[in-house]
Amino acid sequence: MEQPQAQGESQDMVTIRVRKKRRTKRRHEDAPKRRGLKVALIALGVVLAALLVSGLAVAGLVNAGKINLHPLFQGIEAPEEVESEDDGSVIEHKGHRYAYNENVVSALIIGYDDESGYTSRPDYSCADANLLLTMDTKTNRVKLCVIPRNSIVDLDVFKEDGSLKATRRAQLCLAYAQFPNTDKRAAENTLKSVSTLMYGMPLNHYFAFDEKGLVEATGMLGGVRVEALETIPGTPIRKGQEVLLQGENAWRYVSYRDIDVDESALDRQRRQIQFAQAFLTAARSGGAKGIMGMYDAVKSRAVTNLGASEIGYLVSCFASGKKVELETCTIKGRTKLATGSDGVELERYYLNDNSVLETVLDLFYTRID
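Residues numbered from 1 in each chain as written. Predicted model: local features only at pLDDT ≥ 70, side-chain atom pairs only at ≥ 80, totals over all residues. Heavy atoms only, no water.

Draft legend 1. How the structure looks around the overall build of the protein. Counting secondary structure elements, the protein contains 10 helices and 16 strands. The proportion of buried residues among the 369 residues of the protein is 42%. Of the contacts formed within the protein by residues at least 6 apart in sequence, a portion of 59% connects residues at least 24 apart. By element, 52% of the accessible surface of the protein is carried by carbon and sulfur atoms, the whole surface being about 20500 Å². (Helix = DSSP H or I, 4+ residues; strand = E, 2+ residues; numbered from the N terminus. Buried < 20%, exposed > 50% of the residue type's maximum accessible area, 1.4 Å probe, protein only. Contact = heavy atoms within 4.5 Å. Areas by Shrake-Rupley, 256 points an atom, 1.4 Å probe, with all protein chains shown as cover.)

If you want it as structure tokens, here you go:
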């Protein structure tokens, strides 16, 4: 805006004002370029702001997952013969002291299938695979602990109306079978049995899937490559050969067992461990984007209480630049045959108490002496 001429101002000053107007006129000739630059700068600012907001949103989401996955330790119910302090936050075993590791997060992975032959109702499904996945988010140590399907555990049994009938000692696989039409409650019941087995450790999250979920997830990875541990009837899978497991063959490899062979469930368990290791390795190679994409694709086929925030946090740890150390373990025990009330002979796997304790220490504690 042109300012008013001050009193006593000279003609030369007025002339200078005229020259300023001429320079302004030349600026108008360059206005389109300047407006383009201005628009570009504004657009860049908007994009940067959007990225900042997006980044903050993602950071907030991941932080929420971090909080949810790290439950507060409120004590465990360790057996009387186990020496412990502060409600189990410190445990003594074989001359050493172990402290509860607050950096560990966990989720129970459940693979379920129809096992109508083991129950009185044909629509029951059993949890054939029970893998407890733990991760130390500070060291990136990942542990996959397999709990045999026939493990004898404390199991809640329910009435037809869904109310609690009793708590009995029975095979872990039947915990899922209590709710054949309500997978959420079935998964929660299985998780509770595993938590009770491990002295009441704070296990809060689960991811359960059936054949369709596994087939789709494996397909998104382009298949999982393994050296076959067994020949699987009705498939091209032959023992000792390297195979790319895809589609129905992937499911057959992890689910097949010969029910006429004693402890065939343990043979299948070895294949499940091998497949899980190969699957996790292949999943990590796809990076965070690949893992999140796979989760989005299969979550509609899964039963889980792991939301986007929890998955985002796990992915941020699992797919980070840190080296991920993946280890596996199995709780040891012994198999006994028993005949049920229906006359069917079943395998029961009785877990070794010392193996249970050492597994708990390995997964959730850190040696401090």
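What follows picks up the thread again.
Draft legend 2. Structural detail: the packing of helix 5 (residues 211-220) against helix 6 (residues 247-255). Across the interface, helix 5 lies against helix 6 with an axial gap of 8 Å and an inter-helix angle of 120 degrees. With respect to helix 6, the axis of helix 5 lies oblique. Relative to helix 6, the crossing made by helix 5 is right-handed. Listed contacts from helix 6 to Glu211, Leu214, Val215 and Thr218 of helix 5 are Gly247, Glu248, Ala250, Trp251 and Val254. Tallied by class, residues from the contact of helix 5 with helix 6 come to 5 nonpolar, 2 polar and 2 charged. (Axes fitted to C-alpha atoms, helices over the stretch in contact; angles between N-to-C directions. Parallel < 35°, antiparallel > 145°, perpendicular 65-115°, else oblique. Left-handed = near helix turned anticlockwise from the far one by under 90°. Nonpolar A, V, L, I, M, F, W, Y, C, P; charged D, E, K, R; others polar.)

Draft legend 3. Geometry of the confidence of the model for the protein. Of the residues in the protein, 74% reach a pLDDT of 70 or more, and the chain-wide mean stands at 77. Low pLDDT, under 50, characterises residues 45-61; the stretch is placed with 2 contacts to residues that sit more than four places away or in other chains. (pLDDT = per-residue confidence, 0-100.)

Draft legend 4. Representation of the packing of aromatic side chains within the structure. Throughout the structure, instances matching the rule amount to 4 aromatic pairs. With centroids separated by 5.9 Å and ring planes inclined at 80 degrees, the aromatic side chains of tyrosine 100 and tyrosine 365 adopt a geometry described as edge-to-face. In this pair, tyrosine 100 is assigned in strand 3 (residues 96-100) and tyrosine 365 in strand 16 (residues 365-367), connecting sequence segments 265 residues apart. For tyrosine 100, a relative accessible area of 12% corresponds to the buried category. (Phe/Tyr/Trp six-rings, centres within 6.5 Å; stacked < 30°, edge-to-face > 60°.)

Draft legend 5. Representation of the pairing of strand 6 (residues 141-146) within the structure. In terms of burial, strand 6 is largely enclosed, as 5 of its 6 residues are buried. Judged from the 6 bridges that link them, strand 5 (residues 125-136) and strand 6 form a sheet pairing that is antiparallel. Residue pairing across strands places aspartate 136 opposite arginine 141, the latter belonging to strand 6. Where strand 5 hands over to strand 6, the hairpin turn is made up of 4 residues, of which asparagine 140 adopts a positive phi near 70 degrees. (Pairing = 2+ DSSP bridges.)

Draft legend 6. Geometry of unusual backbone geometry. Phi is positive for aspartate 87, close to 60 degrees, though the residue is something other than glycine. For aspartate 87, the position within the fold is in the loop between strand 1 (83-85) and strand 2 (90-93). The exposure class assigned to aspartate 87 is exposed, which follows from its relative accessible area of 59%.

Draft legend 7. Inspection of the sheet that holds strand 3 at higher detail. The sheet built from 4 strands is open, its strands ordered 1-2-3-16 with antiparallel pairing. A strand with exactly one partner marks an edge of an open sheet, and here the two such strands are strand 1 and strand 16. Pairs of neighbouring strands in the sheet enclose a mean axial angle of 30 degrees, with direction left out of account. Taken together, the 4 bridges between strand 2 and strand 3 define a ladder with antiparallel strand orientation.

Draft legend 8. Just the pairing of strand 7 (residues 152-158), in detail. Taken across its 7 residues, strand 7 has 6 buried, putting it largely inside the fold. As judged from the 7 bridges shared by strand 7 and strand 8 (residues 164-171), these two strands associate in the antiparallel manner. Looking at strand 8, one finds that phenylalanine 158 is bridged to leucine 164.

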